[in-house]
Amino acid sequence: MFKHVFLTGPPGVGKTTLVKKVCEALESSGVGVEGFYTEEVREAGRRVGFDVVTVTGERGHLSRIRDVAGSSHGRREYTVGQYVVDLPSFESLALPLFTNVRSADAGGRKVFVIDEIGKMELFSQSFIRSVRQTLDSSSYTILGTIPIPKGKPLGLVEEVRSRRDVKVFTLSKENRNSILQDILAALRNCLKQTS
Ligand SMILES: Nc1ncnc2c1ncn2[C@@H]1O[C@H](COP(=O)(O)OP(=O)(O)OP(=O)(O)O)[C@@H](O)[C@H]1O
């Protein structure tokens, strides 16, 4: 039996949009949801980066394109293509969300949103450790997103894909409007299990 649900699919296919819809449905039926989304940020029609947004609505930078990222002040720079990752900002917002996972204090089984486990987020070793702890947690079911394999394999993403307790849904433009109920059913199945 699987314990976690991940969505994958090409960039921009609608993973974040669907994760938010799933969360709304879960919350309105009384399921506790924690975690974060990543959202693209546009200025004057141009994508300038990504923000981390917690389920409770706090927002911070994940990355910005080089010309708006500002100086790194001599710190090591983490880049993905044209984007400079703001690791301190990502970690200060995302890592505290995992506190309850570490204290095993979910107070009943809850859903933990991790949107996404991608190249930018994987610069953080503390994030990698926190995701592994959540995968092994007996109190949390993860609703996560992972990129489709492209280029060099991403260690943690491959780990997630190969786990027997993870169910992966692949989104496409064809199925993105009809798959919500299947994802909800899979998550409800996970939440029913006691471990
Ligand atoms: N079912 C849908 N029908 C039409 N447009 C959609 C649908 N789902 C998402 N979109 C639009 O597609 C764009 C990308 O959506 P979203 O950010 O959810 O994709 P994503 O797969 O999470 O992207 P990324 O790979 O950048 O994380 C947004 O502008 C969103 O409004």
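Residues numbered from 1 in each chain as written. Predicted model: local features only at pLDDT ≥ 70, side-chain atom pairs only at ≥ 80, totals over all residues. Heavy atoms only, no water.

**Q** So, the pattern of salt bridges: which residues are in play, and what are the values?
**A** Two side chains bearing opposite charge may form a pair once their charged atoms approach each other closely. All told, the structure shown has 11 salt bridges when counted by the stated rule. Among the salt bridges present, the one from Arg66 reaches Glu77, with a minimum N-O distance of 2.8 Å. In this pair, Arg66 sits in helix α2 (residues 66–69) while Glu77 sits in the loop between α2 and β5 (78–80), placing the two residues 11 residues apart along the sequence. Sharing partners across several salt bridges, the network here consists of Lys20, Glu39, Asp51, Arg59 and Arg64. (Salt bridge = Lys/Arg side-chain N within 4 Å of Asp/Glu carboxyl O. Helix = DSSP H or I, 4+ residues; strand = E, 2+ residues; numbered from the N terminus.)

**Q** Break down the packing of helix α1 (residues 15–28) against helix α7 (residues 180–192) for me, citing the residues and quoting the values.
**A** Relative to each other, α1 and α7 sit at 55°, their axes nearing to 10 Å. Here α1 lies oblique to α7, going by the angle between them. Every pair of crossing elements has a handedness; the one defined by α1 and α7 is right-handed. The segment α1 lies against α7, with Leu18, Lys21, Val22, Ala25 and Leu26 engaging Leu180, Ile183, Leu184, Leu187, Arg188 and Leu191. When the residues that make up the contact of α1 with α7 are grouped by side-chain class, the tally is 9 nonpolar, no polar and 2 charged. (Axes fitted to C-alpha atoms, helices over the stretch in contact; angles between N-to-C directions. Parallel < 35°, antiparallel > 145°, perpendicular 65-115°, else oblique. Left-handed = near helix turned anticlockwise from the far one by under 90°. Contact = heavy atoms within 4.5 Å. Nonpolar A, V, L, I, M, F, W, Y, C, P; charged D, E, K, R; others polar.)

**Q** Summarise the site of the ligand; cite the residues concerned and give the values.
**A** Lining the immediate surroundings of the ligand are Pro11, Gly12, Val13, Gly14, Lys15, Thr16, Thr17, Arg176 and Asn177. A distance of 3.0 Å is found between an oxygen atom of the ligand and a backbone nitrogen or oxygen belonging to Gly14. At a separation of 2.5 Å, an oxygen atom of the ligand approaches a polar side-chain atom of Thr17. The protein chains hide 61% of the 640 Å² of surface that the ligand would expose on its own. Per-class residue counts for the shell around the ligand are 2 nonpolar, 5 polar and 2 charged. (Near = heavy atom within 4 Å. Polar contact = N/O pair within 3.5 Å; in protein donor to acceptor, adjacent residues only side chain to side chain. Areas by Shrake-Rupley, 256 points an atom, 1.4 Å probe, with all protein chains shown as cover.)

**Q** Give me the lowdown on the environment of Pro96, citing residues and values where you can.
**A** Within the secondary structure layout, Pro96 lies in the loop between α3 (87–94) and α4 (99–102). Considering only alpha carbons, one finds Pro96 and Gly35, 61 residues apart in sequence, at a separation of 9.7 Å.

**Q** Kindly report on the layout of surface pockets, identifying the contributing residues and their values.
**A** Considering only enclosed or pocket space, the largest pocket measures out at about 990 Å³ in volume. Residue lining of the largest pocket: 36 residues in total, with Pro11, Lys15, Phe50, Glu116 and Pro147 positioned closest to the centre. Within the residue set of the lining of the largest pocket, elements represented by two or more residues are α1, β2 (33–43), β3 (46–54), β8 (140–147) and α6 (155–162). Of all the elements, α1 adds the most residues to the lining of the largest pocket, at 4 residues. (1 Å grid on protein atoms, 1.4 Å probe; cavity = no way out; pocket = protein on both sides within 12 Å on 5 of 7 lines; lining within 4 Å. Points joined across faces, edges and corners; volume = space filled by probe spheres on them.)

**Q** Break down α7 for me, citing the residues and quoting the values.
**A** Over its 13 residues, α7 extends 18 Å from the first C-alpha to the last, a length consistent with the 18 Å expected when each residue adds 1.5 Å. Taken as a whole, α7 has its buried residues at Ile183, Leu184, Ala186, Leu187, Cys190 and Leu191. End-on view of α7: buried residues confined to an arc of 160°, all on one side of the axis. For α7, the exposed residues set more than 90 degrees away from the buried face come down to Gln181 and Lys192. (Expected span 1.5 Å × (residues − 1). Buried < 20%, exposed > 50% of the residue type's maximum accessible area, 1.4 Å probe, protein only. Arc of directions from axis to C-beta.)

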